[in-house]
Amino acid sequence: MRRFIVKGGENGAAIVPGDLTKSLLHQQLIKGEMPPEDKHLKAEEIALIGQWIAAGAPTLRDEPENLSGFTITEEERNFWSLRPVKSPPLPKIKHREQVKTAIDTFLLAKLEKSGHNFNPTADKTTLIRRLSYDLTGLPPSPVEITTFLSDQQPGAYERLVDRLLASEHFGERWARHWLDVAGYSDSEGYTARDTVRNWSWKYRDYIVQAFNHNLPFDQFIREQLAGDEMVKSPYKNLSPEQQSKLAATGFLRMAPDGTGSGPDDQKIARNQVVADTIQIVSTSLLGTTMMCAQCHNHRYDPIPQSDYYSMRAVFEPAFDLVHWKNPASRRVSLYTDQNKADAAKVEKKAKVMNDARLKLETKYVNEVVEIEIAKLPKEIQNPIRIARNTEEKKRNEAQQLLLKDNPRIKKASGGSLYLYNRKASDEIKKLAADIKAVRDTKPPLNYIRAMWEKPGAKPPLTHLFNRGDHQQPKETVPPAGLTVLGEWGAGAIPDNNPDLASTGRRLAYAEKLTNGKHPLVSRVLINRFWSHLFGQGIVTTLGDFGTLGTLPTHPELLDWMAADFSSHGWDFKRSLKQMLMSAAYRQSSDRKADLNQIDPQNHLIGRMSVRRLDAESIRDSVLVMSEKFNPKLYGPPVPVMEDEVGQIVVGKENKDGEGKPGETLGLDNQEFRRSLYIQARRSRPLAVLQSFDRPDMVETNCTERNSSTVAPQALMLMNSQFITDFSIHMAKRLQREHPADLDAQIKFAWNLIYGRPASTAEASDALSFIENEQRILPAAAAVAKSAKPAKGKTATPTPDLATLSLATFCQALLSSNEFLYLN
């Protein structure tokens, strides 16, 4: 503080405002005596300090008399992301002819200041591929491409946008984005066991449905934070709407949870679940790094440690560290009274059948025993009969010895009946199978992995932990939002809502986040939507809108879109369509040398950024193009397993006693479902997805994916069984579409994979490539044919030479940048 510098210490005042010659601090800086050792300031930095002292050492405002408590400065309160969202006027621009939506005016205004404007619109082939992947995560079919190219009527582009927004695959695509920030996983993590979560997929399906039905985003947020507080307890005979609201709270159940997996320290494990949940909520909705205030006041943002625990107090009644529920106890049964009645009827019928089976089995066993007894000397027949019919613990020593000497009589039972009477055993087995078939008609057990508070329970007190240590609780803190936001943030949250069976804290918090006044929520969401279409956010640090995050490249545009979003019913598809209809989105990706010189990262949006397909789009495209794609929506995840070389692949685990892979088990075409539905197990990331940066959620959640270019990606495209198998499937599709016409097969492959026709030169080169493959492949095929399949694997028939060479061609196209990247 200035006054302490002026007051000084044992050597007197450190500075004398207005007098450099008497300012000891400045003199020592000039002499190089400060800072100590070899840490010297630059000349311009010393000059700046000198200017400040010479000007009287002014401060922006009067300094406080003391520094007790946590002080938030006006500058901190006025940080760009913490100010209220206001809709700015549209800027004036020169190139009005390039404007398609209001979004374009903000972008052009900044481009024009640098002497530039937008790129020309991309060609229609590029646009349909871009839109299809951005909105559905799947490639456009050749028929869809032809239809769009032939539509020369005004509004063709908008009709395409509307069709893709209405696609059921839209919800799957955009659900994947949200599931990243929610930290979605089908396993608990935390411990090495990584226990499978059997019902977390209900949350995944809720997200897909929410995006497909265009659920208003404010409601989407409220249901995820407090859906249980919108449903009256007890949770019985739930309607589809009530089930949906409970499934939404799976958002608060996505953090790693090892409390049911035998953790080393149960208290630490419980505390970590809560801490990770706070991280998920704060980074996904607020764009803040709240976790940095768990142990002390945030070092860079105006977030005191007490704010962290006040946010924790919002959620703690549902977690309750003392009366903790492990994952197996945190699920809601969907079994209705009718389900129970139906199950009871089925069980009654099965019991009658089973009683008859047991009676018949007993008859057959007794017959077997009598046959065996008849083989013995007459003098021991009756004693051994009595011994067998005597309860085991009541048998005397002689009876035990008698039965021991005659094991066939002692061991005769329903389970061993096949050893004595195969025909009778087969009758009995059929009856058991019939009984099982009857029991299988019971309504299946069904659960929702949900979050809720115990009705009427006294809410636990939330303490601030000294240095973040749960074993050092200090003062209690009330539920509240961020202090720095004041009236614009969540503010104080009521401790208890008398109208609800729960405290109502989470519902009150969610309502304040979505009242349209919160400075962060709408900005964070719009920025994230933008990033998925343009390759980077207006704020490039999607999960950090604080001091260490990047400043927005177009703050007025971000605020205009955020205000428009919340003022128009939080309509997600409407906001997305505004972005898609803009001239900015429709630009070509061609680089202009002069603009590239000043803006290589494309922050000005003077072109469309080239983007690599994400992991799921790569795998799903291969499924679609090979005509193997299973379009089924929703349901339990498709399992994954280790193959014989230790890679994680789609499949049912089937290992022998030594842990070696056994016979491959069929999946009834479930293996061809899109990647969203493949089991997302933290310790078992699918190899083909992991190579292309699919997050495995070991680290809680993912606010922004990497888009790397590394050697393992090329190796996977060259060598993985997935790519080689599906290249063959693709080749067979080409042959079905165009039998005995290699030229047509090449051209169809080009359209299928690249979404455009091959040039004459490209088609000629492809033909030469395939003909060359046909010359060199026979030797390779002979080697492959001689190789023995792995244990449990049946030998895959070697394709004919024409198919194999065409498959190699398909694999080459799938490994190319033109397939892997969007222009």
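Refer to the structure above for everything that follows.
This write-up is about the structure you can find in this document. (Residues numbered from 1 in each chain as written. Predicted model: local features only at pLDDT ≥ 70, side-chain atom pairs only at ≥ 80, totals over all residues. Heavy atoms only, no water.)

## Considerations on the side chain of Thr-277
Stage number 1. Secondary-structure assignment places Thr-277 in helix H13 (residues 266–286).
Stage number 2. Given the relative accessible area of 3%, Thr-277 is considered buried.
Stage number 3. Contacts of Thr-277, omitting those with residues within four sequence positions, involve Leu-252, Ala-255 and Phe-319. (Helix = DSSP H or I, 4+ residues; strand = E, 2+ residues; numbered from the N terminus. Buried < 20%, exposed > 50% of the residue type's maximum accessible area, 1.4 Å probe, protein only. Contact = heavy atoms within 4.5 Å.)

## What about the pattern of salt bridges?
Side chains that differ in sign of charge can pair as their charged atoms come close.
Stage number 1. Per the stated rule, a full pass over the model turns up 48 salt bridges.
Stage number 2. The salt bridge involving Arg-173 is made with Asp-614; its shortest N-O contact spans 2.6 Å. Of this pair, Arg-173 sits in helix H9 (residues 168–182) while Asp-614 sits in the loop between strand E5 (611–612) and helix H26 (615–625); the two residues are 441 residues apart in sequence, bridging distant segments of the chain.
Stage number 3. By relative accessible area, Arg-173 is classed as buried at 10%.
Stage number 4. Arg-612 serves as the salt-bridge partner of Asp-693, at 3.1 Å between the closest nitrogen and oxygen. Pair noted here: Asp-693 is in the loop between helix H27 (687–690) and helix H28 (711–719) and Arg-612 is in strand E5, with a separation of 81 residues, a long-range link. For the pair formed by Asp-693 and Arg-612, the shared burial category is buried.
Stage number 5. Through salt bridges with shared partners, one network takes in Arg-176, Asp-180, Glu-616, Arg-694 and Arg-705. (Salt bridge = Lys/Arg side-chain N within 4 Å of Asp/Glu carboxyl O.)

## With respect to the side chain of Ser-23
Stage number 1. Summarising the element assignment, Ser-23 is placed in the loop between helix H1 (2–7) and helix H2 (24–31).
Stage number 2. Take Ser-23: its relative accessible area is 0%, and that puts it in the buried class.
Stage number 3. A polar contact of 2.7 Å, which involves the side chain of Ser-23, links it to the backbone oxygen of Asp-19.
Stage number 4. Not counting residues up to four positions away in its chain, the partners in contact with Ser-23 are Ala-14, Ile-15, Val-16 and Ile-53. (Polar contact = N/O pair within 3.5 Å; in protein donor to acceptor, adjacent residues only side chain to side chain.)

## Some points on the layout of surface pockets
Stage number 1. If you add up the space inside the second largest pocket, you get close to 870 Å³.
Stage number 2. In terms of lining residues, the second largest pocket is bounded by 38 residues, among which Ser-531, Gly-535, Arg-611, Arg-705 and Ser-707 are the most central.
Stage number 3. Contributing elements (two or more residues each) for the lining of the second largest pocket: helix H6 (124–136), H9, helix H21 (521–534), E5 and strand E8 (821–822).
Stage number 4. Of all the elements, H9 adds the most residues to the lining of the second largest pocket, at five residues.
Stage number 5. The class makeup of the residues in the lining of the second largest pocket is eleven nonpolar, 14 polar and 13 charged. (1 Å grid on protein atoms, 1.4 Å probe; cavity = no way out; pocket = protein on both sides within 12 Å on 5 of 7 lines; lining within 4 Å. Points joined across faces, edges and corners; volume = space filled by probe spheres on them. Nonpolar A, V, L, I, M, F, W, Y, C, P; charged D, E, K, R; others polar.)

## Focus: helix H10 (residues 201–212)
Stage number 1. Across its twelve residues, H10 extends 17 Å between first and last C-alpha, which sits within 8% of the 16 Å expected from 1.5 Å per residue.
Stage number 2. Along H10, the residues classified as buried are Trp-201, Lys-202, Tyr-203, Arg-204, Asp-205, Tyr-206, Ile-207, Val-208, Ala-210, Phe-211 and Asn-212.
Stage number 3. On the buried face of H10, the contacting elements are H9, helix H11 (217–226), helix H12 (240–248), strand E2 (447–449) and helix H23 (572–581).
Stage number 4. Immediately downstream of H10, the backbone of Asn-214 shows phi near 55 degrees, a positive value. (Expected span 1.5 Å × (residues − 1).)

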